[in-house]
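Architecture at a glance
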Amino acid sequence: YFMSFLFDNVLIFGSNGMIGKNLDYGIRPLSSDVDITSLKSIENYLRTLDNRVSCIVNLAALNLRDSENNIEKSINVNPILYIEGHKYNSQQIGE
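Here is what the cut-offs are and how they apply
- The numbering scheme is per chain: residues are counted from 1 as the chain's sequence reads.
- Note on the predicted model: pLDDT of at least 70 is required for a residue's local features to be given, and 80 or more for side-chain atom pairs to be given and counted; whole-chain, interface and lining totals, by contrast, use all residues.
- Side-chain metrics rest on all non-hydrogen atoms present in the structure, leaving aside hydrogens and water.
- We treat two strands as partners when DSSP finds at least two bridges between them.
- Comment: elements are numbered from the N terminus, with helices defined as DSSP H or I runs of at least four residues and strands as E runs of at least two.
- The handedness of a crossover follows from its direction of travel: if, with the strands pointing away from the viewer, the path from the first strand over the helix to the second runs clockwise, the crossover is right-handed.
- A contact between two residues is defined here by any heavy atoms of the two lying within 4.5 Å.
- We define the nonpolar core as a collection of buried residues of types Ala, Val, Leu, Ile, Met, Phe, Trp, Tyr and Cys that are connected through side-chain atoms lying within 4.5 Å of one another.
- To sort residues, take the accessible area from a 1.4 Å probe on protein chains only and compare it with the maximum for the residue type: under 20% means buried, over 50% means exposed, and anything in between is partly exposed.
- Ring pairs are drawn from Phe, Tyr and Trp, using the six-membered ring of Trp, whenever the two centres fall within 6.5 Å, and their geometry is named by plane angle: stacked under 30 degrees, edge-to-face over 60, tilted for the rest.
- The predictor reports its confidence for every residue as pLDDT, a score running from 0 up to 100.

Bridge count for strand 1 (residues 10-13) against strand 2 (residues 55-58) is 4 bridges, and the pairing is parallel. Each bridged residue has a counterpart across the sheet, and for Phe13 the counterpart in strand 2 is Asn58. Where the polypeptide runs from strand 1 across helix 2 (residues 39-48) and back to strand 2, its parallel neighbour, the crossover connection is right-handed.

Here the focus is the side chain of Asn9. If you trace the backbone, Asn9 turns up in the loop between helix 1 (2-8) and strand 1. Among residues more than four places away in sequence, those in contact with Asn9 are Ile27, Arg52, Val53, Ser54 and Cys55.

For the rest of this paragraph, the subject is the nonpolar core. Counting residues in hydrophobic clusters, the biggest one holds 10 residues: Leu11, Phe13, Ile27, Val34, Ile36, Ile42, Tyr45, Leu49, Ala60 and Val77. Elements with a minimum of two residues in this core: strand 1 and helix 2.

Because each turn of an α-helix spans 3.6 residues, side chains separated by three or four positions in sequence point in the same direction. The set of residues buried in helix 2 consists of Ser41, Ile42, Glu43 and Tyr45. Positive backbone phi, approximately 50 degrees, marks Asp50, located one or two places after helix 2.

Using the criterion set out here, one finds 1 aromatic pair in the structure. With centroids separated by 5.0 Å and ring planes inclined at 70 degrees, the aromatic side chains of Phe7 and Tyr25 adopt a geometry described as edge-to-face. Taken together, the positions of Phe7 in helix 1 and Tyr25 in the loop between strand 1 and helix 2 put the pair 18 residues apart, joining distant regions of the chain. For Phe7, a relative accessible area of 38% puts it in the partly exposed group.

Mean pLDDT over the protein chain: 78, with 76% of residues reaching 70 or higher. No element of the protein chain has a lower mean pLDDT than helix 5 (residues 79-87), at 53, and none a higher one than strand 1, at 91. Segment residues 89-95 is flagged for pLDDT under 50; beyond a separation of four residues in sequence, or across chains, it makes 7 contacts in the model.

The structure is reproduced here in structure tokens:
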């Protein structure tokens, strides 16, 4: 039961990508539900989940063409989640 709770409550950004679409668990918002390049959007989305998120997995990325055409956005996809993880004292993988 405990493991099921943990996996069911994993928030997965990028769940429609190559890796994410192969996972069969977790909370899987669409890009229309939350803009992960916007801190305010992430915080608002987390509030709607009523503290039931056990961890956040960020698999989101821009495709190569979009990354080349919009370098600033491609850089912004990951840092917000990393910085905010520290704000909420969550452990980052690799630390």
